[in-house]
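What follows is the residue order along each chain.
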Amino acid sequence: NINFIASHGHTIYHNPSESYTLQIGNGPYINTITGLKTICDFRTQDVALGGQGAPLVPIGDLLLFSEYDYCLNLGGFSNISMDENNQRIAFDICPVNIIMNHYVSSLNMEYDDKGKLASKGTIEESLLKELNSLPFYNAIKPKSLGYEFIVETVFPIINKYNLEIKDILRTFIEHIAQQIAKKIVSDASKRMLITGGGAYNTFLIDRLKEYTKIEIIIPKDSIVNYKEALVFGLLGFLKIEGKNNCLKSVTGAIKDHSSGIIYNS
């Protein structure tokens, strides 16, 4: 029995500094064709309250995966959540699959399976240094990334080097591993859960292990692939119950709140 649908939507515009964000996906139509209560548009209210509108998953990390010191998601972008000073914080770290999938698409590949192509490449040190010097990485939290950052900032930097695809991938994976390692405490007693498509990039995970002593846990496929869906189900449930599903400590909004719009024909 299905009680409701919590629809993540697909973010096509996201610029909280200009007070806008847009997730496509028609909640009223989903409600109409299924006859099921539908909750959607989880980001807009947070942006209106001065927040980043992202990330939204950390409350799920807090309630469902509290046994881990860090929850790292490697999707289009990497984001991480953790407890700091007795409150949950989270932020985007850097682009991941949104960059790598873009470049391998020119080779008629959907993605670089296990990072095999990247592992054959060579690091372009000048590119790596320039990527690591991007101001976003030193910006104060909370902070989030969108496609605009990729188009306006990252692609132009990479493209001016005219590298082979394998060298772009190799350099960018090193960049990802270094940026993630800077955001965590390298302590063998701590545990980090990794989910998202990037968890299957064996080469990326190996490079990350080179920069940190932390214990890395990659869970079963159902969690790797569907953790975000699981958490958005939780966000929908919390909204229906009138409980907070968005944390000001994570997004920078002026208050904790219950975000999302409910459609119930």
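Fair warning: this is a prediction, and the values are worked out from it, not measured in the lab. (Residues numbered from 1 in each chain as written. Predicted model: local features only at pLDDT ≥ 70, side-chain atom pairs only at ≥ 80, totals over all residues. Heavy atoms only, no water.)

Peer 1: I would appreciate a short explanation of the overall build of the protein in the present structure.
Peer 2: A tally of regular secondary structure across the protein gives 11 helices and 10 strands. The C-alpha radius of gyration computed for the protein amounts to 19 Å, which stays within 12% of the reference 18 Å derived for 265 residues, consistent with globular compactness. For the protein, the spread of C-alpha atoms along the principal axes amounts to about 55 × 40 × 35 Å. Looking at the protein residue by residue over its 265 residues, the buried ones come to 50%. Within the protein, contacts between residues at least 6 apart in sequence are counted, and of these 69% link residues at least 24 apart. As presented, the protein carries roughly 12900 Å² of accessible surface, and 49% of it is formed by carbon and sulfur atoms. Taking the average location of the 25 positive side-chain charges in the protein and that of its 28 negative ones, the two points are 3 Å from each other. (Helix = DSSP H or I, 4+ residues; strand = E, 2+ residues; numbered from the N terminus. Rg over C-alpha atoms; globule rule 2.2 N^0.38 Å. Buried < 20%, exposed > 50% of the residue type's maximum accessible area, 1.4 Å probe, protein only. Contact = heavy atoms within 4.5 Å. Areas by Shrake-Rupley, 256 points an atom, 1.4 Å probe, with all protein chains shown as cover. Lys, Arg positive; Asp, Glu negative; His and termini not counted. Charge placed at Lys NZ, Arg CZ, Asp CG, Glu CD.)

Peer 1: Help me understand the sheet that holds strand β1 (residues 5-6) in this model?
Peer 2: Adjacent strands of a sheet pair through backbone hydrogen bonds, lying either parallel or antiparallel. The three strands are arranged β1-β4-β10 in an open sheet whose pairing can be described as mixed. Edge positions in the sheet fall to β1 and β10 (261-263), since each has one partner strand and no second. Pairing of β1 with strand β4 (residues 38-40) involves two bridges; the strand directions are parallel. Bridging from a neighbouring strand, Ala-6 pairs with Ile-39 of β4. Running at roughly 165° to β4, helix α1 (residues 27-34) makes contact with β1, β4 and β10 of the sheet. (Pairing = 2+ DSSP bridges. Axes fitted to C-alpha atoms, helices over the stretch in contact; angles between N-to-C directions.)

Peer 1: Please explain unusual backbone geometry as it appears in this structure.
Peer 2: The general pattern is negative phi for most residues beyond glycine and trans for most peptide bonds. Of the consecutive residues Ala-54 and Pro-55, the connecting peptide bond is found in the cis state with omega at -15°. Going from Lys-141 to Pro-142, the amide bond is cis rather than trans, its omega being 0°. Among the structural elements, Pro-142 can be located in the loop between α6 (125-132) and α7 (147-159). In this model, Asp-41 sits at a positive phi of 55°, which is unusual for a non-glycine residue. Relative to the assigned elements, Asp-41 resides in the loop between β4 and α2 (44-48). Overall, the relative accessible area of 25% leaves Asp-41 in the partly exposed class. One non-glycine residue with positive phi stands out, namely Asn-86, at about 65°. Mapping Asn-86 onto the fold places it in the loop between β6 (77-84) and β7 (87-95). Taking the relative accessible area as the measure of exposure, Asn-86 reaches 84% and is therefore exposed.

By themselves, these are just geometric observations and shouldn't be taken as functional.
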